[in-house]
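Summary of structural features
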Amino acid sequence: MKISVIGTGYVGLIQSVGLSKLGFEVTGIDIDERKIKKLNSGISTLHEEQLEEELKLFINENLKFTSSYESVYDSDLVFLCVGTPQDDFGNADLKFLYSAVESLKKYIGDKHKTIVIKSTVPVGTCRKIKEILKDYPVEVISNPEFLREGIAFKDFFEPERIVLGFENPENIESTKLLKRVYSHFEKKGVPFVISIWETSELIKYASNAFLATKISFINEISKFSDIVGADIKTVGEAMGMDDRIGPKFLNAGIGYGGSCFPKDVKALAKQFESFEIESKLINATESINQTQNIWFFENKIKKYYGDISGKTFAVLGLAFKPFTDDLRESKAIELINILLKNGAIVKGFDYIEKARENTINKYALSDSKSLGYSLHILDELNDALFNVDGIIIATEYDFDKENWSEIKNLVNHPVIFDGKNVMDSKTLKSLGYTYFGIGKN
Ligand code: UGA
């Protein structure tokens, strides 16, 4: 079976490499020639566990990348994996998706094709795409992805469910092809959720919005916990022992970031609005997330120092979460901006080299002065910690495993602001640190 995958971002690249590992003949398509060149030489364009090793195994075997849509002509299946970023009003911007649909039209030919939408798209989009392609011999299927950055490859091979949306899910012929593509997972007992387009599209948004809501919920409770002197970590852990609640995504912190939750929560709220209904819950999730970092800064950092102007801080963690180089909507970057705006000097560090590089590029592009004077990105953790007036944990790495007794000799003042509640406060206090977590003292 021949497959074309349009878009080589996170989703498209994992999908291309994953499908080639499953034995399919895959062509990845992207308009960015530089990316194509790199990928064809076996170099990954993203930092993602396992990805480059696997890419090297299949490239020029049953996997290739190109900027031409020609492979669509011979393909049985075309996966659309282009980005659906946020527009200026918070809606999902479908310009890349519609432009990909226009580009592939020319290559559909007479042979029947199945177009699978993996991009996260507002409810109703598959129906619109089918309408655009109504004169072509195509079937449109919705198949949202549930990959987490950093462990996306593992998520591809160990999915918890495969969601498929059809124009007519009763039509066995339609479901057959996708079941064949994912037969590896069917054999492993992975559940298939088969429904109409709209249900499938909504499953994706509802899943991300629910996880984001869990985070905003615990963040809201953490503020109250702070005031009453309770320990939010214990609260979250004990809540999670209830099967109906579950332990995951109940870690309080400076908020959620990344390329998915922030944009998908806003886009879902906008979809409600487009039908003239308001989602109070989804809007609250978003608004709690917007203000969490400011709350942390005002109530922890600023409260401790008064004026932070001229003070130096180590910000540990730069990407939006561990094991990725992705800075999109990173709360660490948001916090760095708040610190810089308040006159502080920031020394940033991330364990992932590419995350450090991306930060340097980001600031060099937007404000090279701040990079030269008030913002420094360091390759070694100890250099980032040297002579600082305070340490801020901004990503949930296991920073606890570092030697905090030795680190104490490096810093100016042993003060830790734990924006992700990952540190062992008791040990730190016994070592002489002043510790501030979120929702605990
Ligand atoms: C998220 C979803 O988890 C995936 O299922 C989905 O496929 C993906 O979006 C997508 O739509 O493509 P991802 O953005 O990679 O995946 O990141 P997550 O691991 O979900 O973390 C998102 C953010 O929430 C991070 O900033 C993280 O620090 C934060 N978070 C997570 C918390 O603040 N507290 C928690 O308890 C958990």
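Residues numbered from 1 in each chain as written. Predicted model: local features only at pLDDT ≥ 70, side-chain atom pairs only at ≥ 80, totals over all residues. Heavy atoms only, no water.

The name given to the protein chain in an unreviewed UniProt entry is UDP-glucose 6-dehydrogenase, with the source organism recorded as Methanococcus maripaludis. UniProt, in the comment section headed Sequence similarities (unreviewed entry), describes the protein chain in these words: "Belongs to the UDP-glucose/GDP-mannose dehydrogenase family." (UniProt positions renumbered as here; feature names shortened; annotations may be inferred.)

1. A look at the packing of aromatic side chains
Considering all chains together, one arrives at 19 aromatic pairs under this definition. Judged by centre distance (4.8 Å) and plane angle (90°), the rings of Y304 and Y305 are edge-to-face. Among the residues examined, Y305 registers a relative accessible area of 15% and is labelled buried. Each residue in the set F153, F156, F157, Y182 and F185 is aromatic and connected to the rest through ring pairs, giving one cluster. Taking the ring centre of F192 as reference, the NZ or CZ of K179 above it sits at 5.6 Å. (Phe/Tyr/Trp six-rings, centres within 6.5 Å; stacked < 30°, edge-to-face > 60°. Buried < 20%, exposed > 50% of the residue type's maximum accessible area, 1.4 Å probe, protein only. Lys NZ or Arg CZ within 6 Å of the ring centre and 35° of its normal.)

2. Focus: the site of the ligand
Taken together, 21 residues surround the ligand, and among them E145, E149, K204, N208 and E396 come closest. The separation between an oxygen atom of the ligand and a polar main-chain atom of L250 is 3.4 Å. Here an oxygen atom of the ligand sits 3.1 Å away from a polar atom, N or O, in the side chain of K420. Isolated, the ligand exposes 720 Å² of accessible area, and the fraction of that covered by the protein chains is 93%. Counting residues per element, the ones that place at least two in the shell around the ligand are α9 (197-228) and α11 (261-274). Examining the composition of the shell around the ligand, we find that three residues originate from one element, α9, more than from any other. Here the residues of the shell around the ligand are counted per class, giving nine nonpolar, four polar and eight charged. Here the shell around the ligand gathers at least three residues from each of two domains, domain 1 (2-190) and domain 2 (220-437). (Near = heavy atom within 4 Å. Polar contact = N/O pair within 3.5 Å; in protein donor to acceptor, adjacent residues only side chain to side chain. Areas by Shrake-Rupley, 256 points an atom, 1.4 Å probe, with all protein chains shown as cover. Helix = DSSP H or I, 4+ residues; strand = E, 2+ residues; numbered from the N terminus. Nonpolar A, V, L, I, M, F, W, Y, C, P; charged D, E, K, R; others polar. Domains from an automatic or database assignment.)

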